[in-house]
Amino acid sequence: AQKVTQAQTEISVVEKEDVTLDCVYETRDTTYYLFWYKQPPSGELVFLIRRNSFDEQNEISGRYSWNFQKSTSSFNFTITASQVVDSAVYFCALSLNDMRFGAGTRLTVKP
Amino acid sequence: DAGVTQSPTHLIKTRGQQVTLRCSPKSGHDTVSWYQQALGQGPQFIFQYYEEEERQRGNFPDRFSGHQFPNYSSELNVNALLLGDSALYLCASSLRGRGTGANVLTFGAGSRLTVL
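Treat the numbers as computed from the prediction; the structure is a model and nothing was measured.

Caption draft 1: Representation of the overall build of chain B. Within chain B, the regular secondary structure consists of 0 helices and 11 strands. Secondary structure elements of chain B occur, N-terminal to C-terminal, as β-β-β-β-β-β-β-β-β-β-β. In terms of C-alpha radius of gyration, chain B reaches 13 Å, essentially the compact-globule figure of 13 Å for 116 residues. C-alpha extents for chain B along the principal axes are approximately 40 × 30 × 30 Å. The burial tally for chain B puts 50% of its 116 residues in the buried class. Across chain B, every contact between residues at least 6 apart in sequence was considered, and the portion connecting residues at least 24 apart equals 54%. Roughly 5500 Å² of accessible area belongs to chain B as shown, and the carbon and sulfur atoms make up 47% of that amount. Distance between charge centroids for chain B: 7 Å, based on 10 positive and 9 negative side chains.

Pasting the structure below:
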C-alpha cells in the first residue's frame, strides 16, 4: 500500500513564527521518492523538494528545511520566520511509479 | 517557455453529460498525469499516459478515460457525470527518464468542473 498522512489539516501562525508541517508515509518498497508541493490560491501546485529513500540527509533552502527520518517514516517540513506569502496549502507526496498525495495542510500566516 | 496549459479553466455540466478536458504539457516533457482534487482534499491520481498509452491507473471507474496524442498533449474524458465528479482536474507533465517515481511533476492550474 502507498499512503501519505498529513495529520494537520490547518495551521495558523503569526508572521515570523517558525512552523513545522508533518508528513508520515507508508510503503513496503525500499526505493521511493518523497516530495513537497505548495498550492497557492491560484491552484497550480509548485514543486518544493524531492528526496529519494536512500538519502536521509536533511536539507535547508533559505527559510525552508526538511527532515527525513526513515525510522519513523516521516518527512517533515519547517518554515523558519514565516511570512504572509507562505500562506498556502502544502502537500506531501510519495512516489513509486506514480505520485500519491496526502490531504494537505492549510497554512495561514497572519501579519 | 510555457508551462503546462489546461483548458477550459471552468465549466459547468449537468448529471449524465460527458466532458472533455485538455492539457498541453511543458515543452520537452513526454508524460502526462491527471489528478482529481475535490474541495479541501489532496489530488487523487487518475491515470498516466506515456507514448500514447495508459501506463498507470488509480482507483477510478471506467467512466474516466483518456488519450495522448503524438505531440504529447492529452485529453481526459468523463462520461455519465455524477455530482461527485465536481472537482478541480489537474494535469501534470514530466520527462519519463529512467524511473517514473523520481520524476518531478509540473502542474497546470487546473480545470474546475461543476456538475449540477
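Caption draft 2: Representation of the state of the cysteines within the structure. All names here are of chain B. Under the defined criterion, the tally for this structure stands at 2 disulfides over all chains. What pairs with C23 in a disulfide is C91, and their sulfur atoms sit 1.8 Å apart. On the sign convention where negative means left-handed, the S-S torsion of about -65° between C23 and C91 marks this disulfide as left-handed. Linking C23 in strand β3 (residues 19–24) with C91 in strand β9 (residues 87–94), this pair joins segments that are 68 residues apart in sequence. Pair check on accessibility: C23 and C91 agree, each one buried.

Criteria and thresholds
- Residues numbered from 1 in each chain as written.
- Chains lettered and ligands numbered in written order.
- Predicted model: local features only at pLDDT ≥ 70, side-chain atom pairs only at ≥ 80, totals over all residues.
- Heavy atoms only, no water.
- Helix = DSSP H or I, 4+ residues; strand = E, 2+ residues; numbered from the N terminus.
- Rg over C-alpha atoms; globule rule 2.2 N^0.38 Å.
- Buried < 20%, exposed > 50% of the residue type's maximum accessible area, 1.4 Å probe, protein only.
- Contact = heavy atoms within 4.5 Å.
- Areas by Shrake-Rupley, 256 points an atom, 1.4 Å probe, with all protein chains shown as cover.
- Lys, Arg positive; Asp, Glu negative; His and termini not counted.
- Charge placed at Lys NZ, Arg CZ, Asp CG, Glu CD.
- Disulfide = S-S within 2.5 Å.

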